[in-house]
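A closer look at the structure
The lines below spell out each chain.
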Amino acid sequence: MITRSLPNLFTIGNLVLGVVSIILVFNGEADLAAMLVIVAMLLDGLDGRVARALNVQSEFGKELDSLSDVISFGVAPAFVVYAVAFQAYSDAAYWTVIAWAATSLFPICGALRLARFNVTDGPAGYFIGLPIPAAGGVLATLALFHAELTAPVLVAAEMVLSFLMISTIKYPNFKHFGLSRRMIWMLPLLVATAVTVALLYPGFLSKLLFVPLVIYALFGLKKNVRRRKPRRARKDADDRTKLKDL
């Protein structure tokens, strides 16, 4: 019974961190809230691997994971950015509209991305659209650098990430990197270590994760551009052929 419930415990832990992150935003602890989103990414990356290692995958776990992801990687990072980027501009009416629109758009696009994932099988080895944990992780990490970044930059990043989630751009799927049964019982230590590092050295962890997260987010764009170039070249060649025939 415990074995079958273990993956769902990781998912629930992910959800708890998302809820606590939102609470911390309202308590004025936006930086800590962003760090909890990043730690939630770790739990989210483990639940599916644990389920496959134990051979206890289920539709219930899949739906629970999606619902948790909307909170932890959609609502929570959007609120974090709202707190760090828009509070100083609360007196400007146009910024209020922009803030509400951007804060709403991000979790909405994340929910659409998850709904599509649940009902559509993507190509083997790829996701269609940027996965919401990666988008939420990038946004939360950017929020940690709010002192160096202006509000318009954070808004632009939030909008771009929203678009990438609902796009048809292909992103690599690393699910085939699984866990052995021996490694599963080391996971609590790994999670505890990540939480400790996040609390004691938030700047170090954010810088450590920022580069690979952004590279992953941009990777799909690069592949999409390369895929479109041959199509455009073929179209131009066809157009030139038609002109010659005329």
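Predicted, not measured: the structure shown is a model, and the values here were computed from it.

**Examining helix α6 (residues 151-166)**
Turn by turn, an α-helix covers 3.6 residues, leaving residues three or four places apart pointing in a common direction. With 16 residues, α6 should reach 22 Å at 1.5 Å per residue; the first-to-last C-alpha distance of 23 Å fits that figure. Taken together, the buried positions of α6 are occupied by Ala151, Leu154, Val155, Ala157, Glu158, Leu161, Ser162, Leu164 and Met165.

**A few points about the side chain of Ser21**
With respect to the helices and strands, the residue Ser21 is situated in helix α1 (residues 2-26). Ignoring sequence-local partners within four residues, the contact set of Ser21 consists of Ala33, Ala34, Leu36, Val37, Ala76 and Val80.

**Describing a nonpolar patch on the surface**
Among the surface-exposed residues, Leu9, Ile12, Val16 and Val20 lie close enough to one another that they form a single nonpolar patch of about 310 Å² accessible area. Along the chain, Val20 falls in helix α1. You can call Val20 partly exposed: its relative accessible area is 32%.

**So, the environment of Ala40**
Here Ala40 lies in helix α2 (residues 30-54). Given the relative accessible area of 0%, Ala40 is considered buried. Each C-alpha atom, one on Ala40 and one on Asn14, is 4.8 Å from the other, the two residues being 26 residues apart in sequence.

**A closer look at the packing of aromatic side chains**
If you walk through the whole model with that rule in mind, you get 2 aromatic pairs. When the ring of Phe26 is compared with that of Phe79, the centres are 5.8 Å apart and the planes differ by 85 degrees; the resulting orientation is edge-to-face. Of this pair, Phe26 sits in helix α1 while Phe79 is found in helix α3 (residues 59-85), placing the two residues 53 residues apart along the sequence. Exposure remark for Phe79: the relative accessible area of 27% places this residue in the partly exposed category. Sitting over the face of the ring of Phe117, Lys62 holds its NZ or CZ atom 5.8 Å from the ring centroid.

**So, the side chain of Ser167**
Relative to the helices and strands, Ser167 is located in the loop between α6 and β2 (170-172). With a relative accessible area of 6%, Ser167 lands in the buried category. A polar contact of 2.8 Å, which involves the side chain of Ser167, links it to the backbone oxygen of Leu164. Excluding its chain neighbours within four sequence positions, the residues that come into contact with Ser167 are Arg116, Ile128 and Gly129.

**Topic: the nonpolar core**
Counting residues in each nonpolar core, the largest one holds 54 residues, and the members touching the most others are Phe106, Leu130, Leu161 and Met165. Elements with a contribution of two residues or more to this core: α1, α2, α3, α4 (93-119), α5 (132-144) and α6. Broken down by element, this core gets its largest block of residues, 13 residues, from α2. Apart from the residues within four sequence positions on either side, Met165 is in contact with Phe106, Cys109, Gly110, Arg113, Arg116, Gly129, Leu130, Ile132 and Ala135.

**A word on the packing of α3 against α4**
Orientation of α3 relative to α4, taken along the N-to-C sense of each, is 160 degrees, at an axis distance of 9 Å. Accordingly, the angle class assigned to the pair α3 and α4 is roughly antiparallel. α4 is crossed by α3, and the crossing has right-handed handedness. Along the contact surface, α3 presents Lys62, Glu63, Ser66, Asp69, Val70, Phe73, Gly74, Val75, Pro77, Ala78, Phe79 and Tyr82, while α4 presents Ala99, Trp100, Thr103, Phe106, Pro107, Ala111, Leu114, Phe117 and Asn118. Of the residues belonging to the contact of α3 with α4, the class tally is 14 nonpolar, 4 polar and 3 charged.

**Digging into α5**
Here α5 spans 18 Å end to end across 13 residues, near enough to the 18 Å set by a 1.5 Å rise per residue. Burial within α5 is extensive, with 13 of its 13 residues counted as buried.

**Regarding the packing of α3 against α6**
Across the interface, α3 lies against α6 with an axial gap of 10 Å and an inter-helix angle of 165 degrees. Looking at the two axes, α3 sits roughly antiparallel to α6. Pair α3 / α6 crosses with left-handed handedness. Counting all contacts with α3, which are made through Ala78, Val81, Val84 and Ala85, the residues of α6 involved are Ala151, Leu154 and Glu158. Split by residue class, the contact of α3 with α6 holds 6 nonpolar, no polar and 1 charged.

Parameters and conventions
- Residues numbered from 1 in each chain as written.
- Predicted model: local features only at pLDDT ≥ 70, side-chain atom pairs only at ≥ 80, totals over all residues.
- Heavy atoms only, no water.
- Helix = DSSP H or I, 4+ residues; strand = E, 2+ residues; numbered from the N terminus.
- Expected span 1.5 Å × (residues − 1).
- Buried < 20%, exposed > 50% of the residue type's maximum accessible area, 1.4 Å probe, protein only.
- Contact = heavy atoms within 4.5 Å.
- Patch = residues over 30% accessible without salt bridge, like charges linked within 9 Å, V, L, I, M, F, W, Y side chains within 5 Å.
- Areas by Shrake-Rupley, 256 points an atom, 1.4 Å probe, with all protein chains shown as cover.
- Salt bridge = Lys/Arg side-chain N within 4 Å of Asp/Glu carboxyl O.
- Phe/Tyr/Trp six-rings, centres within 6.5 Å; stacked < 30°, edge-to-face > 60°.
- Lys NZ or Arg CZ within 6 Å of the ring centre and 35° of its normal.
- Polar contact = N/O pair within 3.5 Å; in protein donor to acceptor, adjacent residues only side chain to side chain.
- Core = buried A, V, L, I, M, F, W, Y, C linked by side-chain atoms within 4.5 Å.
- Axes fitted to C-alpha atoms, helices over the stretch in contact; angles between N-to-C directions.
- Parallel < 35°, antiparallel > 145°, perpendicular 65-115°, else oblique.
- Left-handed = near helix turned anticlockwise from the far one by under 90°.
- Nonpolar A, V, L, I, M, F, W, Y, C, P; charged D, E, K, R; others polar.

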